[in-house]
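# Notes for the structure review
If you want the building blocks of each chain, they are given just below.
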Amino acid sequence: MTVLVTGGAGYIGSHICVELLEQGYQVIVADSLINSSEEAIERVEKITGKRIFFYQANLCHKQDVAEIFDEEDIDAVIHVAGHRSIAQSVIDPLEYYYNDIAGTLVLCNAMRKHNVRKMIFSSSAMVYGDLEVDDMPLREKSPCGKVSSPYGRIKVALEQMMRDIHHADPEWNIVLLRYFNAIGAHPSGLIGDYPKMTPNNLVPYIGEVAVGRQKSVGIFGDDYPTPDGTGIRDYIHVFDVAKGHVAALKLMEQEPAVRTYNLGTGHGYSVFDVIHTYEKVCGVPIPYEIRQKRPGDIAVLYADPSKAERELGWKAEKTLEEMCADSYRWKSNSNGYKF
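Residues numbered from 1 in each chain as written. Predicted model: local features only at pLDDT ≥ 70, side-chain atom pairs only at ≥ 80, totals over all residues. Heavy atoms only, no water.

Naming follows an unreviewed UniProt entry, where the protein chain appears as UDP-glucose 4-epimerase of [Clostridium] aminophilum. Quoted verbatim from the Catalytic activity (unreviewed entry) field of UniProt, the annotation for the protein chain is "UDP-alpha-D-glucose = UDP-alpha-D-galactose". (UniProt positions renumbered as here; feature names shortened; annotations may be inferred.)

This next bit is on the overall build of the protein chain. Secondary structure summary: the protein chain contains 11 helices and 14 strands in total. For the protein chain, the C-alpha radius of gyration of 19 Å lies close to 20 Å, the compact-globule estimate for 339 residues. With the principal axes as the frame, the protein chain shows a C-alpha extent of 55 × 40 × 40 Å. Here the protein chain, with 339 residues, has 57% of them falling under the buried criterion. Considering only contacts in the protein chain between residues 6 or more positions apart, those separated by 24 or more positions represent 81%. Element-wise, carbon and sulfur atoms account for 47% of the exposed surface of the protein chain, whose accessible area totals about 14,600 Å². Between the mean site of the 35 positive side-chain charges and the mean site of the 46 negative ones, the protein chain shows a separation of 1 Å. (Helix = DSSP H or I, 4+ residues; strand = E, 2+ residues; numbered from the N terminus. Rg over C-alpha atoms; globule rule 2.2 N^0.38 Å. Buried < 20%, exposed > 50% of the residue type's maximum accessible area, 1.4 Å probe, protein only. Contact = heavy atoms within 4.5 Å. Areas by Shrake-Rupley, 256 points an atom, 1.4 Å probe, with all protein chains shown as cover. Lys, Arg positive; Asp, Glu negative; His and termini not counted. Charge placed at Lys NZ, Arg CZ, Asp CG, Glu CD.)

It is worth spelling out the side chain of serine 89 at this point. Within the secondary structure, serine 89 sits in helix H4 (residues 86–91). Of note is the side chain of serine 89, whose polar atom sits 2.6 Å from the backbone oxygen of isoleucine 86. Among the polar contacts listed, one links the side chain of serine 89 to the backbone nitrogen of tyrosine 151, at a separation of 3.1 Å. (Polar contact = N/O pair within 3.5 Å; in protein donor to acceptor, adjacent residues only side chain to side chain.)

Looking now at the pattern of salt bridges. Counted according to the given criterion, the structure contains 12 salt bridges. Between glutamate 39 and arginine 43 there is a salt bridge, and its shortest N-O distance comes to 2.7 Å. Of this pair, glutamate 39 and arginine 43 both sit in helix H2 (residues 38–48), four residues apart, roughly one helical turn. The pair glutamate 39 / arginine 43 is uniform in exposure class, with both members buried. Between glutamate 159 and arginine 163 there is a salt bridge whose closest N-O contact spans 3.0 Å. (Salt bridge = Lys/Arg side-chain N within 4 Å of Asp/Glu carboxyl O.)

A separate point is helix H7 (residues 202–210). Of all nine residues in H7, nine are buried; the element is thus mostly enclosed. Within the sequence span of H7, burial applies to Leu202, Val203, Pro204, Tyr205, Ile206, Gly207, Glu208, Val209 and Ala210. In this fold, the buried residues of H7 make contact with strand E7 (181–183), strand E8 (217–220), strand E10 (235–237), helix H9 (271–282) and helix H11 (320–333). Where H7 terminates, the next one or two residues include glycine 212, which has phi positive at roughly 85°.

Spelled out as structure tokens, the structure:
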């Protein structure tokens, strides 16, 4: 099977490519390189010893996408491309709506034209919105839509678009994967999270502090209704996320439908839990400072991943300590990518 991975040069996309190649899939990558590097593709090829067919393409540009589908025989699409900062989506919602929604529309139209109707869509736990602690853990049937950021509202809208596409044409076979907080890196230390801009996600920033490139970690709020006052999230190793996509691809052999799965561990960890675990694996203190809450952030978010285990045969395996250790190996052994 030949799989097109949009955003395949990015953090999650590059790890998905590793897992696909190691499982015998042919991989094509489309990536604009706006916030990623082609060097990540080269390193994936080094890890696996296999070739990736790469297109520098912006999904919002019809001609870029048409070229890929005209030249390649694609069986399925894993759609990971999209902006990823919750806080930035609040600051610049127009950019986020345009990039993510227009790009997905162009992609789906090209798929329809070329009779490609197998799609795994990169969604987010943020579709569940600002629920209460008593609502945890989140199940796939938990209420969606009470969302406090454009990032989350875009994911809600795109999920609904996928359902509408299938309703209109039942031949579409779609899996919606709701990621919780992906962290860590490949155990080789060759690929990991390295955005062009200063990271605003917790673990990449902790890594910058651990290796001395930043002075301290900003903790955005310490008065949440949690045991230590900091936000709680379900952190999952990026390689477990990648394995979830390969498990989802196997569903493409079943009757077409729209299926939804949480990709999480089922455990919630606070910001302080993560900082102290990172300190343990790197052996140095991680300075921090308390700052104001960020717009769009919520108090507690963690998954019930039992449906994915039951139907996909998938379960997250890596511990928080392993996630932090792989993250630190990536940060300490690499200067990232060339842009």
